[in-house]
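The residues making up each chain are set out below.
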Amino acid sequence: MSEDDTAVTADERTSEGDHARRAGRRPVTSRPEIEHIALELFTESGFDTTTVDDIAHAAGIGRRTFFRYYASKNEVPWGAFDEQLVRMRSTFAGLAPDLPVMAGVREAVLDFNDVTPEEQPWHRRRLRLILQTPTLQAYSTLRYASWRQVVAEYVAGRLGEPSTALVPQTVGHASLGVALAAYEHWLTAEGTELRDLLDDVFRALEGGLVVSGGDG
């Protein structure tokens, strides 16, 4: 993206102010506000048919300002994902060195998914879009790989292996799999708490996913 795509001139700032007044609302001033507006549009009109211009118009901002926050529309449902990965690394770094490895993974994943009550409805919309929108799948694959790598790096450090080794990579993939299972269940099971679901499924992973059943 060139500087012309991201720089905001005085003329554009004036144009954005006029745009906001025409839209009958003040221009939004934060990334979360833009995301909430976009999530509403995605829910009402569909992700594929909602354009960047639609989001910018509803937010009372210019197109260039949108691209200051996001490289593309595909980034919007993921929110501050990169910042959350930094926090996840920090969580891993702060864990006790004698904590069992999988217990450490569970703690970090729970912290990563710690969402305030007022943000939970928005988080549900984010996850539904990410998990159920086919056109987001290729982009989501890149995000999943970044998340798995953070987990693999922690496991590798604890085991004294490179993060590319089989076991750290396997733990990363397994952790992502059970987290996605919890997300999908949360989207369909009314009255459930995401944190409780994640805690349950990661404890099951710690125990080898051994489930007691009947004689048959």
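Residues numbered from 1 in each chain as written. Predicted model: local features only at pLDDT ≥ 70, side-chain atom pairs only at ≥ 80, totals over all residues. Heavy atoms only, no water.

### Some words on the overall build of the protein
Helices and strands together make up the secondary structure of the protein, namely 11 helices and 0 strands. Moving toward the C terminus, one meets the helices and strands of the protein in the order α-α-α-α-α-α-α-α-α-α-α. Taken across its 216 residues, the protein has 44% of its residues classed as buried. Here the contacts in the protein between residues at least 6 apart in sequence split such that 66% fall between residues at least 24 apart. Entry remark: accessible area of the protein is about 11700 Å², with carbon and sulfur atoms responsible for 53%. (Helix = DSSP H or I, 4+ residues; strand = E, 2+ residues; numbered from the N terminus. Buried < 20%, exposed > 50% of the residue type's maximum accessible area, 1.4 Å probe, protein only. Contact = heavy atoms within 4.5 Å. Areas by Shrake-Rupley, 256 points an atom, 1.4 Å probe, with all protein chains shown as cover.)

### As for the environment of aspartate 53
Tracing the backbone through its elements, the reader meets aspartate 53 in helix 4 (residues 52-59). Considering only alpha carbons, one finds aspartate 53 and arginine 63, 10 residues apart in sequence, at a separation of 6.3 Å.

### Digging into helix 8 (residues 120-132)
When the terminal C-alpha atoms of helix 8 are compared, their 18 Å separation across 13 residues agrees well with the 18 Å that a helix rising 1.5 Å per residue should span. For helix 8, every residue scored as buried is listed here: Trp122, His123, Arg124, Arg126, Leu127, Leu129, Ile130 and Leu131. Against helix 3 (31-45), helix 9 (137-159), helix 10 (166-188) and helix 11 (194-206) lie the buried residues of helix 8. (Expected span 1.5 Å × (residues − 1).)

### What to know about helix 10
With 23 residues, helix 10 ought to run about 33 Å at 1.5 Å a step, and its terminal C-alpha atoms sit 33 Å apart, in line with that. The complete set of buried residues in helix 10 reads Pro168, Val171, Gly172, Ser175, Leu176, Val178, Ala179, Leu180, Ala182, Tyr183, Trp186 and Leu187. Buried-residue contacts for helix 10 involve helix 7 (101-112), helix 8, helix 9 and helix 11.

### A word on the nonpolar core
Judged by nonpolar contacts, the single largest core of 38 residues is most densely connected at Met88, Phe92, Val105, Trp147 and Leu198. Those elements giving two or more residues to this core turn out to be helix 6 (81-93), helix 7, helix 8, helix 9, helix 10 and helix 11. In this structure tryptophan 147 touches Phe81, Leu85, Met88, Val109, Phe112, Gly172, Ser175 and Leu176, once residues within four positions along its chain are discounted. Listed in part, the 19 residues of the second largest apolar core include Leu39, Ile61, Val76 and Leu129. (Core = buried A, V, L, I, M, F, W, Y, C linked by side-chain atoms within 4.5 Å.)

### As for the confidence of the model for the protein
Per-residue confidence for the protein averages 86 on the pLDDT scale, and 83% of its residues sit at or above 70. Mean pLDDT values for the elements of the protein range from 34 in helix 1 (residues 3-6) up to 97 in helix 7. Predicted confidence is poor over residues 1-23, with pLDDT under 50, and the contacts of this stretch with residues over four places away or in other chains come to 31 contacts. A low-confidence stretch, residues 212-216 (pLDDT under 50), is modelled with 0 contacts involving residues beyond four sequence positions or located in other chains. (pLDDT = per-residue confidence, 0-100.)

### Quick look at the packing of aromatic side chains
On inspection of all chains with the given rule, the structure shows 9 aromatic pairs. Judged by centre distance (5.0 Å) and plane angle (80°), the ring pair of tryptophan 78 and phenylalanine 81 falls under edge-to-face. Of the two residues, tryptophan 78 and phenylalanine 81, both sit in the buried class. Taken together, a centroid distance of 5.8 Å and an interplanar angle of 70° make the contact between tryptophan 78 and tyrosine 144 edge-to-face. With tryptophan 78 in the loop between helix 5 (63-69) and helix 6 and tyrosine 144 in helix 9, this pair connects stretches of sequence that are 66 residues apart. You'll find tryptophan 78 and tyrosine 144 in the same group, each marked buried. Members of the aromatic cluster, connected to one another through ring pairs, are Trp78, Phe81, Phe112, Tyr144 and Trp147. The ring of phenylalanine 47 carries the charged tip of lysine 73 above its face, separated from the ring centre by 4.4 Å. The aromatic ring of tryptophan 186 is capped on one face by arginine 124, whose charged end is 4.1 Å from the ring centroid. (Phe/Tyr/Trp six-rings, centres within 6.5 Å; stacked < 30°, edge-to-face > 60°. Lys NZ or Arg CZ within 6 Å of the ring centre and 35° of its normal.)

### A word on the pattern of salt bridges
Under the defined criterion, the tally for this structure stands at 10 salt bridges. In this structure, the salt-bridge partner of arginine 89 is glutamate 153, at a minimum N-O distance of 3.2 Å. In this pair, arginine 89 sits in helix 6 while glutamate 153 sits in helix 9, placing the two residues 64 residues apart along the sequence. What emerges from the salt-bridge pattern is a single network uniting Arg31, Glu35, Glu119 and Arg126. (Salt bridge = Lys/Arg side-chain N within 4 Å of Asp/Glu carboxyl O.)

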